[in-house]
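# Coordinates in review
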Amino acid sequence: MTTDDIKFGEILLPGDEKTQERREKTVRAKFWPKFRRAVRHVPFGRDVVASFYCAIDPQTPTRVRGVLLAALGYFIMPADLVPDILAVVGFSDDIAVLSTALAMIRGHIHERHYQSADRALADQSE
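Predicted model only: the values in this text are computed from it and were never measured.

A separate point is the packing of helix 2 (residues 17-38) against helix 4 (residues 62-76). Between helix 2 and helix 4, the least distance of the axes is 8 Å, while the angle of their chain directions is 45°. In terms of their interaxial angle, helix 2 and helix 4 are classed as oblique. At the point where helix 2 passes helix 4, the crossing takes the left-handed sense. Along the contact surface, helix 2 presents Q20, R23, E24, T26, V27, K30, F31, K34, F35 and A38, while helix 4 presents T62, R65, G66, L69, A70, L72, G73, F75 and I76. Here the residues of the contact of helix 2 with helix 4 sort into nine nonpolar, five polar and five charged.

Have a look at this one:
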């Protein structure tokens, strides 16, 4: 399966409130371990971390949170369409899903999310 075969519209459905709550719990628990493993392969890591903070921000509109949680949930899934053990190629589907989500909600990631991302990334590098 190629990234062309991925149905982004299905992956990025915001879901109902229960789905979002479940996704948020999973994303909060698994985001950082996965991001640490993938950071070398994700060309827009700062944006991904800012999207994490946007997704957990209660001021973010519900639909936007849903899209971001769906994309981040896909990113942290242990089994995805292209295995991550294949290095750069393995992250291509994750990158495609994250890129699409970011394009859909770009105006909702605010400076405070980027500031949180910068602090978190600085802490990660220490």
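Having seen the model, we can carry on.
A word on the packing of helix 3 (residues 45-55) against helix 4. At a minimum axis separation of 9 Å, helix 3 and helix 4 run at an interaxial angle of 130°. On the basis of their axis angle, the class for helix 3 and helix 4 is oblique. Judged by the twist between their axes, the crossing of helix 3 over helix 4 is left-handed. Packed against helix 3, whose contacting residues are V48, S51, F52, C54 and A55, the element helix 4 presents V64, R65, L68, L69 and L72 at the interface. Residues of the contact of helix 3 with helix 4, tallied by class, amount to eight nonpolar, one polar and one charged.

The next point concerns the side chain of E24. For E24, the position within the fold is in helix 2. Of the residues examined, E24 reaches a relative accessible area of 13% and is grouped as buried. Setting aside residues no more than four positions away along its own chain, E24 makes contact with I56, R65 and L69.

Reading the values: rules and limits
Counting from 1, residues in each chain are numbered in the order their sequence is written. For this predicted model, a pLDDT threshold of at least 70 governs which residues receive local features, and a threshold of 80 or more governs which side-chain atom pairs are given and counted, while totals over whole chains, interfaces and linings are taken from all residues. Computation of side-chain values: all heavy atoms of the structure, hydrogens and water removed. Interaxial angles span 0 to 180 degrees and are taken between N-to-C directions of axes, which are lines fitted to C-alpha atoms, for helices over the stretch in contact. Secondary structure elements are defined from DSSP: runs of H or I of at least 4 residues count as helices, runs of E of at least 2 residues count as strands, and each element is numbered from the N terminus. Roughly parallel covers angles under 35 degrees, roughly antiparallel covers those over 145, roughly perpendicular covers 65 to 115, and oblique covers all other angles. Crossing chirality is assigned from the near helix's rotation relative to the far helix, an anticlockwise turn below a right angle marking it left-handed and a clockwise turn marking it right-handed. Whether two residues are in contact is decided by their heavy atoms, any of which lying within 4.5 Å being enough. Any residue that is not Ala, Val, Leu, Ile, Met, Phe, Trp, Tyr, Cys, Pro, Asp, Glu, Lys or Arg is counted as polar, Gly included; the first ten are nonpolar and the last four charged. Note on exposure labels: buried denotes an accessible area under 20% of the residue type's maximum, exposed denotes more than 50%, and partly exposed covers the range between, all computed with a 1.4 Å probe on protein chains only.

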